[in-house]
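Coordinate analysis (summary)
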Amino acid sequence: MAGDLLIKGGRVIDPSSGADRILDILVVDGRIASLSESIEPENGATTVLDAAEKIVMPGFIDMHVHLREPGFEDKEDIETGTRAAAMGGFTAVACMPNTEPACDTDAVVAGILERARKKAWVRVYPIGAVTKGRAGKELAEMGEMRAAGAVAFSDDGSPVATAEILRCALEYLKSFDAVLIDHPEDMSLSEGGQINYGLTSTVSGLRGIPRESEEIAVARDLLIAKLTGGRLHLAHISTKGALDLIRQAKAKGLNVTCEVTPHHLILTDETVLETAYDTNTKVNPPLRTQEDVDALREGLADGTVDVIATDHAPHHIDDKWVEYDYADFGISGLETAVSLIIDKLVLPGVISWMRMAELMSLNPARILGVPGGTLEPGAPGDITVIDPDCEYSILPHNFESKGKNSPFIGWRVTGAPYGTIVGGKPVMYGRRLVL
Amino acid sequence: MTGTAKDNISEAGRVIDLSLRGNDLLSLQEMSPEDMELVLSTARSLKEILARPIKKVPTLRGKVVCILFYEPSTRTKASFELAARYMSADTVSFSSATSSVKKGETLADTARNLSMMGVDLAIMRHSVSGSCHFLAKVLDIPVVNAGDGMNEHPTQALLDIFTILDYKSRIRGLKVAIIGDILHSRVARSNIFGLTKMGAEVSVAGPSTLLPPEIESLGVKAYARPEEAIEGADVVYVLRLQLERQAKSLFPSKREYRDFFGIDRYRLSYAKEDAIVMHPGPMNRGVEITTDIADSPRSVILDQVTSGVAVRMAILYLILGGWD
């Protein structure tokens, strides 16, 4: 049992209550006990953390992470991925099922949770596959997986293959109260593509992936969600058109949510040319244009976007230090997300600190139906502490993740995760892991 | 590795412009018009060597040029090899059929091993766009792009411009029509960048499925019908239909392509009377170009091949020459 923890003097921002003021927080037995303007430690066993000049938020939850275990431990494993999460300010991650074997049975879900119990630095929430082997043919045993601890279902890495299997899955999941997360992509339009379809693909000679690949899939998904009334969440939205479709659907009352990634909020396809074909710019969906970046930022501000998730996709250097077409898709995102969001969105005034906490903590908790996302007394003692003034350079050799594949290498940023507290236990504080 | 354009030194009585010395040649998009002019004028003076009974000058004696080909090629590979040998450089060639690529060695490993054998310059052909940029990151020695995927083929465009100058004596104001598979063509991209920088009016045409998006942003006019692009042209540049890159259903058949987009007597009649016809080779006779046009007096396709050796000699000389 964790001892008491007292976090003193931080600016507490909690979107569940709307609080934004200097408060002390006392965590007892792993749960938030009280918040008050001044709390003194009751006995010597209480750990006291000085959070003066810091911002204290409910623990961040990254609902889109590839931990790669089982099967691709050269890229990442549950221990390194959750160390990265702890360093990145995330108290929980939801891990995608495109492992080897795919997470498509209760045995794999249980295996991941057992492994996490022994090795993980933060909470791990497995996401089960929608279809057996993620092959898009037959429904996987989602009920059994839900019972074993899966929090959501997705065939991520690929879209749910057909409208019909998506229809069945959304209907079937109503019995199990879990969200379906789709990766929207029309594969017939994206096949062979490397980067966004447009001027940059023309100039670079790299094959393009049209925005319509995503938008057609989003339109399909929204229609099936309407047909079934099921709970749908759309992963890594990258285009203006897709966001417009989601905005319209929400205006009509459809029960749908969506996420965007930091890299789609910050980079454009021109980065591919600016970096002379750096394969760290290769990601799916691809980096789009300034028009899309602007639209996604608008979506953050107007509420169309519900969540910022990293789509943390770590890769071994061997899978990236090759010709562009041969490189794997993906960006290692857990350790850069918080700083990038602060530096590029919060400090310039695109979103508020309160909105950041909503996008990275409250909303993912609600969508996944997991504890956390709030600092209300009784909630788990999952807390993220931010140092808004810390200025540093993003350097891959400092990553805890095995995946050093970041297009942000060398960027100078202001704002950093300062503490990660899970169930009242600091796993990272002062920008160092706590053993 | 950069030189400055004004930085000339004298070697054995010849003045060498150092602006390309030690540099990579990866694309015409990144090349200045001044550097292009330099290559062309140097090629002009070196071309005479090809007409000599003894085709060898000692200029690059002791230099080693490595030629990496990860895609089949006849003329470009032979052209680079001969260019290097006429300048007395030694060459070592690797192609994907004979090197350890088949054993699964990465490009980075192959290249670094070769560079450890004392190679001074690497020339690469590769099927993936951007591969030469990648190689330039791996190696400290200069890299010359001999064609990367659908991106660029800068030495081809330089030899094309050299050939046009042979016949038209200028580039500025010329109307050049590039016809065919623009989408997959690195030759088209390099020519578009090179010709527009030197002041030509470039139009492109082909089936719309083979025109890349936003192509007009590169400063060219795009047409879905070849006749419109060819109208009044000084140069008709016919692209090879890259049958090996047609992954999808981009046109129904070679027959239909020939009927609507192939260059024949009728379509060429839209060009100026003295228009020349070019093609980067290898030709699909009877598909993108008819044999009577390919072998007509208006065709300069074989001149392009000779120009190619001269231009590549110039490039090797400007990058590798004048050291000590």
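What counts as what
Per-chain numbering applies: the sequence of each chain, read as written, is numbered from 1 onward. By the order in which they are written, chains take letters starting at A while ligands take numbers starting at 1. With the structure being a predicted model, the display of local features is reserved for residues of pLDDT at least 70 and the display and counting of side-chain atom pairs for 80 or more, all residues being used for whole-chain, interface and lining totals. Each side-chain value is derived from all of the structure's non-hydrogen atoms; neither hydrogens nor water enter the calculation. Residue ranges labeled as domains rest on an automatic or database domain assignment. Residues are treated as being in contact if the distance between any of their heavy atoms lies within 4.5 Å. Each of two parts loses accessible area, computed with a 1.4 Å probe, when they are put together; buried area is these two losses added. Whenever Lys or Arg places a side-chain nitrogen within 4 Å of a carboxyl oxygen from Asp or Glu, that contact is recorded as a salt bridge. What is meant by a nonpolar core is a set of buried Ala, Val, Leu, Ile, Met, Phe, Trp, Tyr and Cys residues, joined one to another through side-chain atoms within 4.5 Å. When accessible area is computed with a 1.4 Å probe and restricted to protein chains, residues below 20% of their type maximum are described as buried, those above 50% as exposed, and intermediate ones as partly exposed. Each helix corresponds to a stretch of at least 4 residues labelled H or I by DSSP, and each strand to a stretch of at least 2 residues labelled E; elements are numbered beginning at the N terminus. For this analysis, a polar contact is any N or O atom pair within 3.5 Å, provided that within protein one partner can donate a hydrogen and the other can accept it, and provided that sequence-adjacent residues contribute only side-chain to side-chain pairs. Each residue receives one of three labels: charged for Asp, Glu, Lys and Arg, nonpolar for Ala, Val, Leu, Ile, Met, Phe, Trp, Tyr, Cys and Pro, and polar for the others, Gly being one of them. By this definition, two strands are paired if DSSP reports at least two bridges between them. Fitting a line to C-alpha atoms yields each axis, with helices limited to the stretch in contact; the angle taken between N-to-C directions then spans 0 to 180 degrees. Only Phe, Tyr and Trp rings are paired, with Trp represented by its six-membered ring, and only when their centres lie within 6.5 Å; those with planes under 30 degrees apart are stacked, over 60 edge-to-face, the remainder tilted. Geometrically, a lysine NZ or arginine CZ counts as sitting over a ring once it is within 6 Å of the ring centre and also within 35 degrees of the ring normal. To estimate the expected span of a helix, count its residues, drop one, and scale the result by 1.5 Å. For classification purposes, angles smaller than 35 degrees are called roughly parallel, those larger than 145 roughly antiparallel, those between 65 and 115 roughly perpendicular, and all remaining angles oblique. Rotating anticlockwise by less than a right angle from the far helix to the near helix defines a left-handed crossing, while the corresponding clockwise rotation defines a right-handed one. We count Lys and Arg on the positive side and Asp and Glu on the negative side, and we leave His and both chain ends out. Think of it this way: the bend at a residue is just the angle between two axes, each fitted to seven residues, one set ending at that residue and the other starting at it.

All names here are of chain A. Assigned domains of chain A: these are domain 1 (5-56 + 380-433) and domain 2 (59-368). In this structure, domain 1 and domain 2 have C-alpha centres spaced 25 Å apart. Residue-level contacts link 45 residues of domain 1 with 46 residues of domain 2. Both sides of the domain 1 and domain 2 interface together cover about 3,500 Å² of buried area, and 66% of this is carbon and sulfur. Between the two partners, domain 1 and domain 2, sit three salt bridges.

Core analysis: the biggest nonpolar cluster contains 87 residues, and Ile237(A) and Met356(A) have the highest contact counts within it. Both domain 1 (5-56 + 380-433) and domain 2 (59-368) of chain A contribute no fewer than three residues apiece to this core. One finds Met31(B), Ile123(B), Leu158(B) and Ala310(B) within the second-largest nonpolar core, a separate group that totals 69 residues.

We now examine unusual backbone geometry. With omega at 0°, the peptide bond leading from Glu100(A) into Pro101(A) counts as cis. Secondary-structure assignment places Pro101(A) in the loop between β7 (90-95) and α2 (106-119). Note the cis peptide between Gly281(B) and Pro282(B), where omega equals -10°. Despite not being glycine, Arg134(A) has its phi angle at roughly 55°, a positive value. The backbone of Ser169(B) sits at a positive phi, close to 60°, despite the residue not being glycine. Among the structural elements, Ser169(B) can be located in the loop between α5 (154-168) and β7 (175-179). Taking the relative accessible area as the measure of exposure, Ser169(B) reaches 63% and is therefore exposed.

Right, let's talk about the interface of chain B and chain A for a bit. Contact with chain B, which involves 26 residues of that partner, is made by 23 residues of chain A. The tally of links from chain B across to chain A stands at zero salt bridges. Run the count over chain B and chain A and you get seven residue pairs in polar contact (both at pLDDT 80 or more). Counting only elements with at least two residues in the side of chain B that touches chain A, the list comes to α3 (107-115), α4 (131-138) and α6 (186-197) of chain B. No other element matches α4(B), which puts five residues into the side of chain B that touches chain A. Looking at side-chain class alone, the side of chain B that touches chain A contains eleven nonpolar, ten polar and five charged residues.

This part takes up the sheet that holds strand β4 (residues 90-95) of chain B. Residue and element names in this part refer to chain B. Taken together, four strands build an open sheet; the order of strands is β4-β3-β5-β6 and the sheet is parallel. Two strands in the sheet have a free side with no partner beyond their single neighbour: β4 and β6 (143-148). Here the strands of the sheet are splayed against their neighbours by 15° on average, with no regard to which way each runs. Strand direction decides the pairing type here: strand β5 (residues 121-126) and β6, joined by four bridges, are parallel. Bridging from a neighbouring strand, Ile123 pairs with Val144 of β6. Together, β3 (64-69), β4 and β5 form the strand contacts of α3, whose direction differs from that of β3 by roughly 160°.

Considering all chains together, one arrives at eight aromatic pairs over all chains under this definition. Centroid distance Trp321(A) to Phe134(B): 4.9 Å. Interplanar angle 75°. Geometry classified as edge-to-face. Linking Trp321(A) in the loop between β15 (307-308) and α12 (337-346) with Phe134(B) in helix α4, this pair reaches from one chain into another. The exposure class of Trp321(A) is partly exposed, given its relative accessible area of 36%. Aromatic side chains Phe408(A) and Trp411(A) sit 4.9 Å apart centroid to centroid with 90° between the ring planes, which places their arrangement in the edge-to-face category. One aromatic cluster is present, formed by Phe251(B), Tyr257(B) and Phe261(B) through successive ring pairs. Its guanidinium or amino end placed over the ring of Tyr418(A), Lys54(A) lies 4.5 Å from that ring's centre, counting from NZ or CZ. When the ring centre of Tyr392(A) is taken as origin, the NZ or CZ atom of Arg431(A), which lies over that ring, is 4.3 Å away.

It is worth spelling out helix α11 (residues 301-320) of chain B at this point. In a regular helix each residue adds 1.5 Å, so 20 residues correspond to 28 Å; α11(B) covers 29 Å between its end C-alpha atoms and thus fits that length. Across the 20 residues of α11(B), 16 count as buried, placing the element largely inside the fold.

With that settled, consider the pairing of strand β16 (residues 383-393) of chain A. Residue and element names in this part refer to chain A. Counted residue by residue, β16 has eight buried out of eleven residues, so it is predominantly covered. Of the strand pairs in this sheet, strand β5 (residues 55-58) and β16 are connected by four bridges, and their pairing is antiparallel. Within β16, the position partnered with Val56 by the bridge is Val385. By the bridge criterion, eight bridges tie β16 to strand β17 (residues 412-422) in an arrangement that is antiparallel. Looking at the pairing, Ser393 lines up with Arg412 of β17.

All names here are of chain B. Viewed as axis vectors pointing N to C, helix α1 (residues 33-46) and α11 meet at an angle of 115°, and their least axial separation amounts to 8 Å. With respect to α11, the element α1 is oriented roughly perpendicular. When the axes of α1 and α11 are compared, the crossing they make is right-handed. Taking contact as the criterion, the partners of Leu38, Val39, Thr42, Ala43 and Leu46 in α1 are, on α11, Ala310, Val311, Met313, Ala314, Ile315, Tyr317 and Leu318.

Attention now moves to the side chain of Asp343(A). Looking at where Asp343(A) falls in the secondary structure, it is placed in helix α12. Asp343(A) sits in the buried class, given a relative accessible area of 15%.

This part takes up the side chain of Asp14(A). All names here are of chain A. By the secondary structure assignment, Asp14 is in strand β1 (residues 5-14). Notably, Asp14 is buried but unbridged: the nearest opposite-charge side chain belongs to Arg366, and the N-O separation is 8.1 Å. Within the structure, Asp14 has its side chain in polar contact with the backbone nitrogen of Leu375 (distance 3.0 Å). Other than its neighbours up to four places away in sequence, Asp14 contacts Ala19, Pro58, Met354, Gly373, Thr374, Leu375 and Glu376.

Quick reminder: α-helices carry 3.6 residues per turn. Residues three or four places apart thus point the same way. Residues and elements named next belong to chain A. Its 16 residues give helix α13 (residues 353-368) an end-to-end C-alpha distance of 22 Å, which sits within 8% of 22 Å, the value for a rise of 1.5 Å per residue. The axis of α13 is deflected most strongly, by about 40°, at Leu359. In terms of residue burial, α13 counts as a mostly covered element, since 13 of its 16 residues are buried. The first or second residue beyond α13 is Gly369, which carries a positive phi of 70°.

Residues and elements named next belong to chain A. For the structure shown, the criterion picks out 39 salt bridges over all chains. Asp20 is the partner of Arg11 in a salt bridge, and the nearest nitrogen-oxygen pair spans 2.9 Å. Here the salt bridges share partners, and the residues they tie into one network are Lys240, Asp244, Arg247 and Asp302.

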